[in-house]
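Here is how the chains run, residue by residue.
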Amino acid sequence: MSLFIGLMSGTSLDGIDAALVECDHHHRPLLLEATGIDMPEPLRRQLWHLCHAGEAAFETLAETEEAFCRLQTQAVAALLEKSGHAVSDIAAIGSHGQTIEHRPAGPFPYTWQLDNPSRLAELTGCRVVADFRRRDLAAGGQGAPLAPAFHNAIFRDPHQWRVLLNLGGFANVTLLPPEGSDIPVIGFDTGPANALLDGWYARHHDGRFDRDGAWAAQGQCQAPLLARLLSDPFFDSPPPKSTGREHFHLQWLETHLEEESAADIQATLLTLTVESIARELERHLPAEAQTAACVIPCGGGAHNVALMDALSARLSPIKTGSCQALDWSPDWLEAGAFAWLAWRRLEKLAGNLPSVTGAAGPRILGGVYER
Ligand SMILES: Nc1ncnc2c1ncn2[C@@H]1O[C@H](COP(=O)(O)OP(=O)(O)OP(=O)(O)O)[C@@H](O)[C@H]1O
Ligand SMILES: CC(=O)N[C@H]1[C@@H]2OC[C@@H](O2)[C@@H](O)[C@@H]1O[C@H](C)C(=O)O
């Protein structure tokens, strides 16, 4: 039995999640404790700038990386304090870093996570495993999503198809056949989720996000706008696929707008998230699972009441289930995934699922930075 800490800060730039996970060869990974630390506004602005500017001075990168690493160190300290564990109890920290740019297609595929694992090892006194995505990318994969391998390790049901639906800045799905089935697991990004909802909300309000989807609920989805948004080729392209802010940003939205009201645009963005997910499930779930699968939402968007209501209505008769009922909080799955990936790295076990990312084969992911 070994203890691992996973650190994840996603595309929403809302903070760093830290999860303490017990991993071994005999049991499913177990979440022991978790905590989140908010992104201070100046760091959030710096990271936002890096994600959108496309160029930055080395000094700016170094300064931002240092501030980010210090925040990671605070998250580790808070988690250790909350759990009553000492750093010497921890086998390794799995650090995702902060995605600044992700371009898996094109002549020079790359994915860039701001991270300084050497510095994190110095500041925490703990072994760090980092740089999880690039080996998959080097093997011809998308480098994302990686969480499906973790979902596969904990959420397979003996009889039923399950779909893990992560509603972060972007949405991704993992389609898990019943245990024992030889159908390969697939998983991919379906398109934007909170990234556009948050961006459009913040443009019209004070505040970072549309709590419970209350503003979206005041508007009406505009079918012509929805059709224009859905005409983006990403939605109909086959997996493997992954995306990010490089493709779906507010300027992308603006190129499709006509005379719609701001609240109607928010309502349409919410429907875009739901519709893009539903269409992919219609395409990729086998016929018998179209009515009998169970969809398990996780990530911040699972707290958005209007989004969840619209999703249940659109997916019916497919039921939505609860991650909590399966002993994992929906808020800590991604951080948990990077704890588990660190364990896989130390055990020299593959971390990717080639059927998901499209890599040439299973690969051991990440580099190790000793304490
Ligand atoms: N009560 C709520 N109502 C509406 N939206 C919410 C609520 N709680 C959280 N959210 C949304 O969840 C987001 C944070 O989600 P999460 O932490 O899963 O993102 P992330 O880790 O950046 O995602 P990813 O890496 O998967 O893109 C917030 O920015 C917000 O949009
Ligand atoms: C490149 C990158 O950081 N991608 C994230 C992002 O956020 C959601 C979605 O897009 C997913 O592809 C991925 O994160 C999760 C943790 C993953 O790799 O499974």
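Counting restarts for each chain, with residues numbered from 1 along the sequence as it is written. By the order in which they are written, chains take letters starting at A while ligands take numbers starting at 1. Selection of residues for local features in this predicted model requires a pLDDT of at least 70, selection of side-chain atom pairs for listing and counting requires 80 or more, and totals for whole chains, interfaces and linings are taken over all residues.

- Under an unreviewed UniProt entry, the name given to the protein chain is Anhydro-N-acetylmuramic acid kinase, and the organism recorded is Kushneria phyllosphaerae.
- UniProt positions are given in the numbering used here, feature names are shortened, and annotations may be inferred rather than shown by experiment. A UniProt comment under Catalytic activity (unreviewed entry) is attached to the protein chain, and it reads "1,6-anhydro-N-acetyl-beta-muramate + ATP + H2O = N-acetyl-D-muramate 6-phosphate + ADP + H(+)".
- As stated in UniProt under Function (unreviewed entry), the record for the protein chain gives "Catalyzes the specific phosphorylation of 1,6-anhydro-N-acetylmuramic acid (anhMurNAc) with the simultaneous cleavage of the 1,6-anhydro ring, generating MurNAc-6-P. Is required for the utilization of anhMurNAc either imported from the medium or derived from its own cell wall murein, and thus plays a role in cell wall recycling."

## Things to note about the packing of helix 1 (residues 41–53) against helix 2 (residues 58–83)
- Fitted lines through C-alpha atoms serve as axes, helices being fitted only where they are in contact, and the angles separating the N-to-C directions of these axes extend from 0 to 180 degrees. For helices the rule is a DSSP run of H or I covering at least 4 residues; for strands it is a run of E covering at least 2, with both sets numbered from the N terminus onward. Two elements in contact, helix 1 and helix 2, have axes whose closest approach is 10 Å; the angle formed by their N-to-C orientations is 130 degrees. Judged by the angle between their axes, helix 1 and helix 2 are oblique. Crossing angle aside, the handedness with which helix 1 passes helix 2 is left-handed. Every residue of helix 2 that contacts helix 1 at Leu-43, Gln-46, Leu-47 and Leu-50 is listed here: Thr-64, Ala-67, Phe-68 and Leu-71. The scheme is simple: roughly parallel for angles under 35 degrees, roughly antiparallel for over 145, roughly perpendicular for 65 to 115, oblique for anything else. Whether a crossing is left-handed or right-handed is set by the direction in which the near helix is turned from the far one by less than a right angle, anticlockwise for left-handed and clockwise for right-handed. In this description, any two residues whose backbone-derived C-beta atoms lie within 7 Å of each other are considered to be in contact.

## Here's the deal with the site of ligand 1
- Neighbouring ligand 1 are 22 residues, the closest being Gly-10, Ser-12, Gly-168, Gly-299 and Gly-300.
- Looking at which element gives the most residues to the shell around ligand 1, the answer is helix 6 (residues 194–204), with three residues.
- For the shell around ligand 1, the residue count by class is three nonpolar, 13 polar and six charged.
- Two domains each put at least three residues into the shell around ligand 1: domain 1 (2–141 + 345–350 + 358–369) and domain 2 (156–326). Residues are counted as near a molecule or strand when the C-beta atom, derived from backbone positions, lies within 6 Å of that molecule or strand. All amino acids are sorted into three groups, where Ala, Val, Leu, Ile, Met, Phe, Trp, Tyr, Cys and Pro are nonpolar, Asp, Glu, Lys and Arg are charged, and the leftover types, Gly among them, are polar. Throughout the structure description, domain borders are defined by an automatic or database domain assignment.

## Digging into the site of ligand 2
- The immediate surroundings of ligand 2 are formed by 17 residues, with Thr-99, His-102, Ala-144, Pro-145 and Ala-147 found nearest.
- Among the elements of the structure, strand 4 (90–103) and strand 8 (170–176) are those that each provide at least two residues to the shell around ligand 2.
- For the shell around ligand 2, the class distribution of residues is five nonpolar, ten polar and two charged.
- When we break the shell around ligand 2 down by domain, the ones giving at least three residues each are domain 1 (2–141 + 345–350 + 358–369) and domain 2 (156–326).

## Thoughts on unusual backbone geometry
- Going from Pro-239 to Pro-240, the amide bond is cis rather than trans, its omega being 5 degrees.
- Position of Pro-240 among the secondary structure elements: in the loop between helix 9 (233–236) and helix 10 (250–254).
- Even without glycine at this site, Leu-13 takes up a positive phi of about 55 degrees.
- Secondary-structure assignment places Leu-13 in the loop between strand 1 (2–9) and strand 2 (15–23).
- Buried means a residue has 20 or more other C-beta atoms within 10 Å of its own C-beta, exposed means 12 or fewer, and partly exposed covers the counts in between; C-beta atoms are placed from the backbone. Judged by the 21 C-beta atoms lying within 10 Å of it, Leu-13 is buried.
- Positive phi is not limited to glycine here, since Lys-348 has a value of about 55 degrees.
- For Lys-348, the location among the structural elements is in the loop between helix 14 (333–346) and helix 15 (354–357).
- Residue Lys-348 is classed as exposed on the basis of its C-beta count, with 7 C-beta atoms lying within 10 Å.

## Regarding the sheet that holds strand 9 (residues 186–192)
- Two strands are counted as paired when DSSP detects at least two bridges linking them. The strand order 9-8-7-10-11 describes an open sheet built from five strands, whose pairing is mixed. Two strands lie at the open edges of the sheet, namely strand 9 and strand 11 (319–320), each paired on one side alone.
- As paired strands, strand 7 (residues 162–167) and strand 8 are joined by six bridges and run antiparallel to one another. Looking at strand 8, one finds that Leu-164 is bridged to Thr-174.
- Against the sheet, helix 5 (residues 147–154) contacts strand 7, strand 8 and strand 9, and its axis sits at roughly 40 degrees relative to strand 8.

## Considerations on the UniProt feature "binding site: ATP" (unreviewed entry) in the protein chain
- The positions that UniProt labels "binding site: ATP" (unreviewed entry) are, in the present scheme, Gly-10, Thr-11, Ser-12, Leu-13, Asp-14, Gly-15, Ile-16 and Asp-17.
- Mapped onto the fold, Thr-11 is located in the loop between strand 1 and strand 2.
- Thr-11 has contacts with Thr-99, Gly-168, Gly-169, Phe-170, Ala-195, Gly-244 and Arg-245, leaving out every residue within four places of it along the chain.
- Turning to its location among the elements, Gly-15 is positioned in strand 2.
- Beyond its immediate stretch of four places on either side in the chain, Gly-15 contacts Ser-9, Gly-36, Ile-37, Asp-38 and Met-39.

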